[in-house]
Amino acid sequence: MIITRRQFLGSSALAIAGPSIVRLPFFARAQQVPATAFEELRGGAGIFTGQGGTIGWLVTPDGAIAIDSQFLATAQVCVDGLKQRSPKGIQMLINTHHHSDHVGGNQAFRPVVEKIVQQERCAALHKKTTEQDGTAAQQAFADTTFGESWSTSIAKEKVWAKYYGPGHTGGDAIIIFEKANVVHMGDLMFHGRHPFIDRPNGASIQNWAKVLPKIADAHKDATFIFGHSKQGLPMTGTRTQLLKFRDYLSALLDHAQKGIRAKQSLEEITKITALPGFEDYTGNPPRITLATSLTAAYEELTAK
């Protein structure tokens, strides 16, 4: 089964918002505000949950920084909450990647931030995909882009954005609050869930599996913020969860490769209902399942 970007974005919002949200076009969905929550982590950093990928934030005496923006409805809730927590306002918004459940709320931040920051491949994909969808006029695009790394300082905190190559998409960045020792993984981390693998926009499972241990080793004692988690699991964790997800991605590739070598069809390869050792992983059927992940692995391994 091939899943499109548009299908993923619908299912992503539903997975966060819950089963009561019906499948509606993006802008209709954005008007239905689900439950939202701010949670403090440490060193002035925290997370905001609502409708879409997890928003990370940092509040300092010199202002606040937000990472990702979800959809418009919950983005405004986040903006209002951060302005209450930060008398000097919100200095900037950083996007981890271009999917609408992470950049769809950029417009809510645009009037109150000095800059929007994206990795250069993310910026290109944001413009390309929204032009294809006919939603470019409703977007707030980056005015600051970077290649492999970018940094800034605010109060006593040093903030880094780093790009390790293709993973979930072709332009995923992680954001690091150095002093707080908090790392926002964006959708390089799906905790206990089958991931969306955006091959049309540059995803690479093989590189993704290499990136996770690099990040885990570079930030051994960090608190990691996850883009998405299985219902009931926390949106944050340690390097243990990163390495388990690395093992999941490796298991995807191994299962698909064994099937290819045995000359099995894609249908035969995707027949299994669980990967050994990852029986507790869930998806958002029928759009995101083990079968869609295995299909992406099969296509990557058989691509000419």
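The coordinates are above.
These notes cover the structure that comes with them. Note that this is a predicted model, so its numbers are computed, not measured. (Residues numbered from 1 in each chain as written. Predicted model: local features only at pLDDT ≥ 70, side-chain atom pairs only at ≥ 80, totals over all residues. Heavy atoms only, no water.)

## Regarding the overall build of the chain
Part 1: When helices and strands are tallied, the chain shows 10 helices and 15 strands.
Part 2: For the chain, the residues scored as buried account for 56% of the 304 residues in total.
Part 3: Restricting to contacts in the chain with at least 6 residues of sequence separation, those with at least 24 account for 65%.
Part 4: Carbon and sulfur atoms make up 50% of the accessible area of the chain, which amounts to about 12500 Å² in all. (Helix = DSSP H or I, 4+ residues; strand = E, 2+ residues; numbered from the N terminus. Buried < 20%, exposed > 50% of the residue type's maximum accessible area, 1.4 Å probe, protein only. Contact = heavy atoms within 4.5 Å. Areas by Shrake-Rupley, 256 points an atom, 1.4 Å probe, with all protein chains shown as cover.)

## What about the pairing of strand E1 (residues 37-40)?
Part 1: The sheet contact formed by E1 and strand E2 (residues 45-49) spans four bridges and is antiparallel. Bridging from a neighbouring strand, Phe38 pairs with Phe48 of E2.
Part 2: Here E1 hands over to E2 after four residues, with Gly43 in that stretch at a positive phi of 60°. (Pairing = 2+ DSSP bridges.)

## Focus: the sheet that holds strand E15 (residues 236-237)
Part 1: Taking strand neighbours across the sheet as the criterion, the six strands line up as E8-E9-E10-E11-E13-E15 in an open arrangement whose pairing is mixed. Two strands in the sheet have a free side with no partner beyond their single neighbour: strand E8 (149-154) and E15.
Part 2: Here strand E10 (residues 173-177) runs beside strand E11 (residues 182-184); their pairing, made up of three bridges, is antiparallel. The residue bridging Ile175 from the neighbouring strand is His184, located in E11.

## Section: the packing of aromatic side chains
Part 1: Considering all chains together, one arrives at eight aromatic pairs under this definition.
Part 2: Residues Phe190 and Phe245 carry aromatic rings whose centres are separated by 6.4 Å and whose planes lie at 35° to one another, so their mutual orientation is tilted. Remark: Phe245 occurs in helix H8 (residues 239-261) and Phe190 occurs in strand E12 (residues 190-191); sequence separation between them is 55 residues.
Part 3: Owing to a relative accessible area of 0%, Phe190 belongs among the buried residues under this scheme. (Phe/Tyr/Trp six-rings, centres within 6.5 Å; stacked < 30°, edge-to-face > 60°.)

## A closer look at the nonpolar core
Part 1: In terms of nonpolar packing, the biggest core is built from 35 residues, with Met185, Leu242, Phe245, Tyr248 and Leu249 touching the most fellow members.
Part 2: Taken together, the elements giving at least two residues each to this core come down to E10, helix H7 (205-218), H8 and helix H10 (290-302).
Part 3: It is H8 that provides the largest number of residues to this core, a total of nine residues.
Part 4: The contact partners of Leu242, leaving out residues within four places of it in the chain, are Met185, Met189, Leu212, Ile215, Ala216, Phe224 and Phe226. (Core = buried A, V, L, I, M, F, W, Y, C linked by side-chain atoms within 4.5 Å.)

## Structural notes on the side chain of Thr96
Part 1: Relative to the helices and strands, Thr96 is located in the loop between strand E5 (90-94) and helix H4 (100-103).
Part 2: A polar atom in the side chain of Thr96 sits 2.9 Å from the side chain of His97.
Part 3: For Thr96, the residues in contact, after removing those within four places along its chain, are Ile67, Asp68, His102, Gly171, Asp172, Ala173, Ile175, His184 and Gly186. (Polar contact = N/O pair within 3.5 Å; in protein donor to acceptor, adjacent residues only side chain to side chain.)

## Here we look at the packing of H8 against H10
Part 1: At a closest axis distance of 9 Å, the pairing of H8 and H10 adopts a crossing angle of 65°. Two packed elements cross with a definite hand, and for H8 against H10 that hand is right-handed. Contacts from Tyr248, Leu252, Leu253, His255, Ala256, Gln257 and Ile260 in H8 reach Leu290, Ser293, Leu294, Ala297, Tyr298, Leu301 and Thr302 in H10.
Part 2: Looking at side-chain class alone, the contact of H8 with H10 contains 10 nonpolar, four polar and no charged residues. (Axes fitted to C-alpha atoms, helices over the stretch in contact; angles between N-to-C directions. Left-handed = near helix turned anticlockwise from the far one by under 90°. Nonpolar A, V, L, I, M, F, W, Y, C, P; charged D, E, K, R; others polar.)

## A few points about the sheet that holds strand E3 (residues 55-60)
Part 1: The strand order E1-E2-E3-E4-E5-E6-E7 describes an open sheet built from seven strands, whose pairing is mixed. Two strands close off the open sheet at either side, each with one partner strand: E1 and strand E7 (144-146). For this sheet the average axis-to-axis angle between neighbouring strands, irrespective of direction, equals 20°.
Part 2: Where helix H3 (residues 72-85) meets the sheet, its contacts fall on E1, E2, E3, strand E4 (63-67) and E5, and the angle it forms with E1 comes to roughly 45°.
Part 3: The strands touched by helix H6 (residues 120-133) are strand E6 (115-119) and E7; relative to E6, the strand with the most contacts, the crossing angle is about 100°.

## Some details on unusual backbone geometry
Part 1: Here the bond from Pro285 into Pro286 is cis, since omega is 0°, no more than 30 degrees from zero.
Part 2: Relative to the elements of secondary structure, Pro286 occurs in the loop between helix H9 (266-269) and H10.
Part 3: In this structure, Asp68 takes a positive phi of about 75° despite not being glycine.
Part 4: Phi at Ala155 is positive, roughly 55°, even though this residue is not glycine.

## A few points about the pattern of salt bridges
Part 1: The full count for this structure, using the stated rule, is seven salt bridges.
Part 2: Across the pair Asp280 and Lys244 runs a salt bridge, and its minimum N-O distance is 3.7 Å. Linking Asp280 in the loop between H9 and H10 with Lys244 in helix H8, this pair joins segments that are 36 residues apart in sequence. (Salt bridge = Lys/Arg side-chain N within 4 Å of Asp/Glu carboxyl O.)

Any functional reading would require information that these geometric values do not contain.
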